[in-house]
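In case you want the letters, here they are:
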Amino acid sequence: MDAKNILCEINEGVAVVTVNRPESLNALNSAVLAELECVLYGIEQDQTVKAVILTGAGEKAFVAGADIKEMAPMTSFEGHRFAQQGQRLVLFIEKMTKPVIAAVNGYALGGGLELALACDVIYASENAKFGFPEVTLGIIPGFGGTQNLARLIGPNRAKELVFSGRIITAAKGLEWGIVNELTPLPELKEKALGLAREMAKNGSVAVGYAKNAIVNGLNMTKEDGFRYESSLFGVLFATEDQKEGMGAFVEKRKAKFQGK
Ligand code: HXC
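Residues numbered from 1 in each chain as written. Predicted model: local features only at pLDDT ≥ 70, side-chain atom pairs only at ≥ 80, totals over all residues. Heavy atoms only, no water.

> Honestly, the site of the ligand in this entry has me stumped. Any pointers?
By nearness alone, 24 residues border the ligand, and Lys60, Ala64, Ala66, Lys69 and Gly111 come closest of all. Between an oxygen atom of the ligand and a main-chain N or O atom of Ala66, the distance comes to 2.7 Å. The protein chains hide 67% of the 1,000 Å² of surface that the ligand would expose on its own. It is helix α2 (residues 68-71) that provides the largest number of residues to the shell around the ligand, a total of three residues. Partitioning the shell around the ligand into residue classes produces 13 nonpolar, five polar and six charged. (Near = heavy atom within 4 Å. Polar contact = N/O pair within 3.5 Å; in protein donor to acceptor, adjacent residues only side chain to side chain. Areas by Shrake-Rupley, 256 points an atom, 1.4 Å probe, with all protein chains shown as cover. Helix = DSSP H or I, 4+ residues; strand = E, 2+ residues; numbered from the N terminus. Nonpolar A, V, L, I, M, F, W, Y, C, P; charged D, E, K, R; others polar.)

> Just checking my understanding: could you explain the domain arrangement of the protein for this structure?
It is common to report an interface's size as the accessible area lost on association of the parts. The domain architecture assigned to the protein consists of domain 1 (6-200) and domain 2 (204-250). Put simply, the middle of domain 1 and the middle of domain 2, counted by C-alpha atoms, are 27 Å apart. With twelve residues of domain 1 at the contact, the number on the domain 2 side is seven residues. Across the domain 1/domain 2 interface, buried area totals approximately 620 Å², and carbon plus sulfur atoms make up 50% of it. Our count for the domain 1 to domain 2 interface comes out at one salt bridge. Here Asp120 ties to Lys211 by a salt bridge, and the two come within 2.9 Å at their closest N and O atoms. Across the domain 1-domain 2 interface, the total number found is four residue pairs in polar contact (both at pLDDT 80 or more). Looking at the side of domain 1 that touches domain 2 element by element, the count peaks at three residues for helix α3 (residues 76-95). Taken together, the residues of the side of domain 1 that touches domain 2 sort by class into five nonpolar, one polar and six charged. (Domains from an automatic or database assignment. Contact = heavy atoms within 4.5 Å. Buried area = accessible area lost by both parts, 1.4 Å probe. Salt bridge = Lys/Arg side-chain N within 4 Å of Asp/Glu carboxyl O.)

> What is the right way to read the nonpolar core from this model?
A general tendency of soluble globular proteins is for nonpolar side chains to be buried together. Counting 48 residues, the largest nonpolar core has Val104, Phe130 and Ile178 as the members making the most contacts within it. Broken down by element, this core gets its largest block of residues, six residues, from helix α1 (residues 30-45). When residues no more than four places from it in sequence are discounted, the contact partners of Ile178 are Leu113, Leu117, Ile122, Phe130, Leu149, Leu152, Ile153, Leu161, Ile168 and Gly173. If you look at the next biggest cluster of nonpolar residues, it comprises 15 residues, including Ala51, Val121, Leu188 and Ala200. (Core = buried A, V, L, I, M, F, W, Y, C linked by side-chain atoms within 4.5 Å. Buried < 20%, exposed > 50% of the residue type's maximum accessible area, 1.4 Å probe, protein only.)

> Mind showing me how you'd approach the packing of helix α9 (residues 204-217) against helix α10 (residues 222-235) here?
Two quantities define a packed helix pair, namely the angle between the helix axes and the distance between the axes. Axis separation between α9 and α10 bottoms out at 10 Å; the angle between their running directions is 170 degrees. One way to sum up the angle between α9 and α10 is to call them roughly antiparallel. Where α9 abuts α10, its residues Tyr209, Asn212, Ala213 and Asn216 lie against Tyr228, Leu232 and Val235. Partitioning the contact of α9 with α10 into residue classes produces five nonpolar, two polar and no charged. (Axes fitted to C-alpha atoms, helices over the stretch in contact; angles between N-to-C directions. Parallel < 35°, antiparallel > 145°, perpendicular 65-115°, else oblique.)

Below you can see the structure in the form of structure tokens.
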């Protein structure tokens, strides 16, 4: 597939994926969603990629939401199908075996915030803004936002944001636990790359299993989560990375992981 609206650069094990539709503040229409899904699927299959950064083109927006112009004339059936398309993308990011870092470089509204919430870590620039303006349009978040935001920051703060449609600053996002770290815009990409490289040099099977344990564990009872964790822990002893990582420690040298 020819991804007209998505840029993808891969260097030293890190893929930087950029939603590139700046004339519409990177709004997500169905073509952009399909391209993003396709590019991320390719990255998931690429054994050389160990970590992913997701960002938006330009200095104004990460993603200003789902495309309102495309949604405006939709029927109920089409709206449902569109929400399902976005949800499939969000769930795919959550199921990817590689860590995905959102580098939020401006507005992350509606579907844009939902995309960021699907990522494992959110780094944001000081000019970033977050919000769910859906109710100002007569709709609700539809790419998993009602579920993911409430799980991340708790139901009351999520309700305040979703019911008011208010847009909050990056500083507030940090205070509320939406954002992991804030940085001046010119330093955002480097900061995100620094974290991605740190993750990429570790045993990638282990990082993938850790993501799997945390993401899936959140939907389990604590005891089931513990059982799941210990099963994954045990399986890792069948990997070469575990032998290499522990062997390197004992031999007082740096581990060289193969990702298997
Ligand atoms: C389509 C959009 C857009 C969007 C911006 N644009 N956001 N087009 N869908 N979500 C377009 C504008 O129409 C305009 O193009 C260009 O991008 C620049 O935007 P401006 O509005 O001129 O910029 P500015 O005045 O700086 O305002 C920035 C803004 C505003 C505050 C971010 O654009 C805005 O409120 N956008 C909508 C945000 C929003 O409601 N997002 C949630 C969408 S609902 P033209 O060519 O017209 O000049 C959603 C649902 C998800 O995401 C779930 C679905 C199932």
